[in-house]
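A look at the structure
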Amino acid sequence: MPSRISLTTLFLFALVCVLPEAEAAARAGGGGTPPQAQQRQKATAQDYFRRALEEQRAGRFREAVTLYRLALAAAPNDSNINHNMGLCFSALGEYDTALSHFRLAVAADPNHHLAHWGMGTAYYATKRYAEALNSFGRSTAIKPDYMSGRLGLADSHLALGEYAAAAAEYDRALALDPSNGFAHRAAGIARINLDRYGDALVSLRRAAELLPDDAYTQDLIANVQNELGHPEAAVAASLRAISLHPNDATAVNSYVGLSWYYSFSGRHQASLDAARRAAALNPQEQMAFTNMCRALNDLGQHTEALSACRRALGLKPGDGETLYYQGVAFDKLGQKQRALDSFREAASAFESAPATQTDFYYLRGNVYQQLGRNAGAVESYRAALARRPNFAQALLNLGAVYAASGNVREATEQYNRLLRIDPARAEKLLGVIRRR
């Protein structure tokens, strides 16, 4: 299985890129201050504000904070100064202090939409997504066409698992700026979580046009093509992702996914090569060795497969998928009891884990098939096919289970379905049916 792509927590908005352009309107306190003194305080506050803003834009946030503090001494209730102080502390990762300044900004000016937005970014960065959603909502209520506020709302919905609301907010953001590639990418992610793969592909292809150098977008396209039952298209997208960072450690997941997609394309040596490349880039990547084990089994190299599975289980003990491939290797080597033990462990692992992908159901079906738990295998394969109707290998395996159970009518039905999408696998199933 490919490494699970992160489908939440995008944080599309930058913490320090939006700065108020208005001057700090110095509000020196006290109605009894003489007008001449007020003018001096205002000039002092404006001078410190200007100098602080220069430091902030240059990324020198500590220096900016020092100057903003001097500005606040002259204008203690100024909302813009407090807002920028909040941005600086967010950039420094001091989010509680940032929040205190954002709160002072909105206390002085409840309609300061940038300060509400800044508060949302600080909440989001500390994974307080409900509070972030509230702050971004206040920002967009004040200024409905504020793009960063819309993206903040969408990202917060996504982080909270509210995928339909996230998709709707990304669409609203894109109505304001259709050229935002990151928003198209995020809209695709929201739709992946909704299992709306066709719509996700449309969003991600648009993102790829706008972000031609973004490997992550190509990895997402590969994931969607896999879910749509198009392994060759998934391979092509993974290769595009890899071409953007071929020797970079960040390419590990791309190689892991490529290995999986090659497997369903029947290209087992290429699958093994991709898994080995992933392991070379990151020797601690468990899925690289798991995919290596699977590919070696497919190539008939079962002793070597066992070695790869053991390496994977050393990195992630109890992994259901790896235990399944280990069982296959033991079975092919004639070690039937050890194979049975591995399959039983794999079944327990799958039953205790949440189902998150179509491939999860498929692999669980394989485990049940090996254990002769035909009802469970049928249920698992049907769950996979409900999500990916043209999943050729799942159709083949489902037909084989029906044939093993003596249900020739259902086995033949899977053969007829398979004949329309993968004649080569259909021939394999027909051979299984006739042997029954």
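Everything here concerns the structure above.
A look at the packing of helix α2 (residues 61-74) against helix α3 (residues 79-91)
Packing of α2 against α3 leaves a shortest axis separation of 10 Å and a crossing angle of 155°. When the axes of α2 and α3 are compared, the pair comes out roughly antiparallel. Crossing hand, α2 versus α3: left-handed. Note on element contacts: α3 touches α2 through I81, N82, N84, M85, C88, F89 and A91, opposite F61, R62, A64, V65, Y68, R69, A71 and L72.

Regarding the layout of surface pockets
Here the largest pocket is characterised by a volume of approximately 950 Å³. Taken together, 34 residues form the lining of the largest pocket, with D298, Y324, Y362, Q393 and N397 sitting closest to its centre. For the lining of the largest pocket, the leading source of residues is helix α21 (residues 392-404), giving six residues.

Quick notes on the packing of helix α16 (residues 302-315) against helix α17 (residues 320-332)
Contact geometry of α16 with α17 gives a least axis separation of 9 Å together with a crossing angle of 155°. The angle between α16 and α17 falls in the class roughly antiparallel. With respect to the hand of their crossing, α16 and α17 are arranged in left-handed fashion. Between α16, through H302, A305, L306, C309, R310, A312 and L313, and α17, the contact on the second element is made entirely by T322, L323, Y325, Q326, A329, F330 and K332. Its residues assigned to classes, the contact of α16 with α17 shows nine nonpolar, three polar and two charged.

Here we look at the pattern of salt bridges
On inspection of all chains with the given rule, the structure shows 23 salt bridges. With a shortest N-O distance of 3.6 Å, R51 and D47 are connected by a salt bridge. Pair noted here: R51 and D47 are both in helix α1 (residues 35-57), with a separation of four residues, about one helical turn. Here the salt bridges do not stand alone but share partners, grouping D47, R50, R51 and E54 into one network.

Some points on the packing of aromatic side chains
On inspection of all chains with the given rule, the structure shows twelve aromatic pairs. Geometrically, the ring pair formed by F350 and F360 is edge-to-face, given 5.2 Å between the ring centres and 80° between the ring planes. Of this pair, F350 sits in helix α18 (residues 336-352) while F360 sits in helix α19 (residues 358-371), and the two are ten residues apart along the sequence. Summarising the burial analysis for this pair, F350 and F360 share the class buried. Centroid distance Y362 to Y381: 6.3 Å. Interplanar angle 50°. Geometry classified as tilted. Placement of the pair is Y362 in helix α19 and Y381 in helix α20 (residues 374-387), with a sequence separation of 19 residues. Classification of Y381 as buried rests on a relative accessible area of 0%. A network of ring pairs unites the aromatic residues W260, F264, Y362, Y381 and F391 as a single cluster.

Remarks on the nonpolar core
Ranked by size, the top nonpolar core spans 95 residues in total, and within it Y170, M292, Y324 and Y362 carry the most contacts. When near neighbours in sequence (up to four residues on either side) are disregarded, M292 contacts L272, A275, R276, A279 and A308. Core analysis: the second largest hydrophobic core is formed by 37 residues, M119, Y129, A132 and Y146 among them.

Here we look at unusual backbone geometry
Glycine aside, a negative phi is what most residues show, and trans is what most peptide bonds show. A positive phi angle is found at K127, which is not glycine, with a value near 60°. Phi at D195 is positive, roughly 60°, even though this residue is not glycine. Within the element layout of this structure, D195 appears in the loop between α9 (181-193) and α10 (197-210).

Some thoughts on the side chain of Q393
Here Q393 shows up in helix α21. For Q393, a relative accessible area of 16% gives the class buried. Polar side-chain contacts of Q393 include one of 2.8 Å to the side chain of R425.

Observations concerning helix α15 (residues 286-298)
Over its 13 residues, α15 runs 19 Å from end to end, which matches the ideal 18 Å to within 8%, given 1.5 Å per residue. With respect to burial, α15 is a largely interior element, twelve of its 13 residues being buried. Its side-chain oxygen at 3.1 Å from the backbone nitrogen of M287, E285 defines the N-terminal cap of α15. Once α15 finishes, G300 follows within two positions and takes phi at roughly 80°, a positive value.

Some points on helix α8 (residues 163-176)
Taking 1.5 Å as the rise per residue, α8 with 14 residues should run 20 Å; its terminal C-alpha atoms sit 20 Å apart, in good agreement. Looking at the packing, one finds that the buried side of α8 touches α7 (147-159) and α9.

Notes on the environment of A183
By secondary structure assignment, the location of A183 is in helix α9. Since its relative accessible area comes to 0%, A183 is described here as buried.

The rules behind each value
Residues numbered from 1 in each chain as written. Predicted model: local features only at pLDDT ≥ 70, side-chain atom pairs only at ≥ 80, totals over all residues. Heavy atoms only, no water. Axes fitted to C-alpha atoms, helices over the stretch in contact; angles between N-to-C directions. Helix = DSSP H or I, 4+ residues; strand = E, 2+ residues; numbered from the N terminus. Parallel < 35°, antiparallel > 145°, perpendicular 65-115°, else oblique. Left-handed = near helix turned anticlockwise from the far one by under 90°. Contact = heavy atoms within 4.5 Å. 1 Å grid on protein atoms, 1.4 Å probe; cavity = no way out; pocket = protein on both sides within 12 Å on 5 of 7 lines; lining within 4 Å. Points joined across faces, edges and corners; volume = space filled by probe spheres on them. Nonpolar A, V, L, I, M, F, W, Y, C, P; charged D, E, K, R; others polar. Salt bridge = Lys/Arg side-chain N within 4 Å of Asp/Glu carboxyl O. Phe/Tyr/Trp six-rings, centres within 6.5 Å; stacked < 30°, edge-to-face > 60°. Buried < 20%, exposed > 50% of the residue type's maximum accessible area, 1.4 Å probe, protein only. Core = buried A, V, L, I, M, F, W, Y, C linked by side-chain atoms within 4.5 Å. Polar contact = N/O pair within 3.5 Å; in protein donor to acceptor, adjacent residues only side chain to side chain. Expected span 1.5 Å × (residues − 1).

In short, the description is geometric, and any link to function would need to be established separately.
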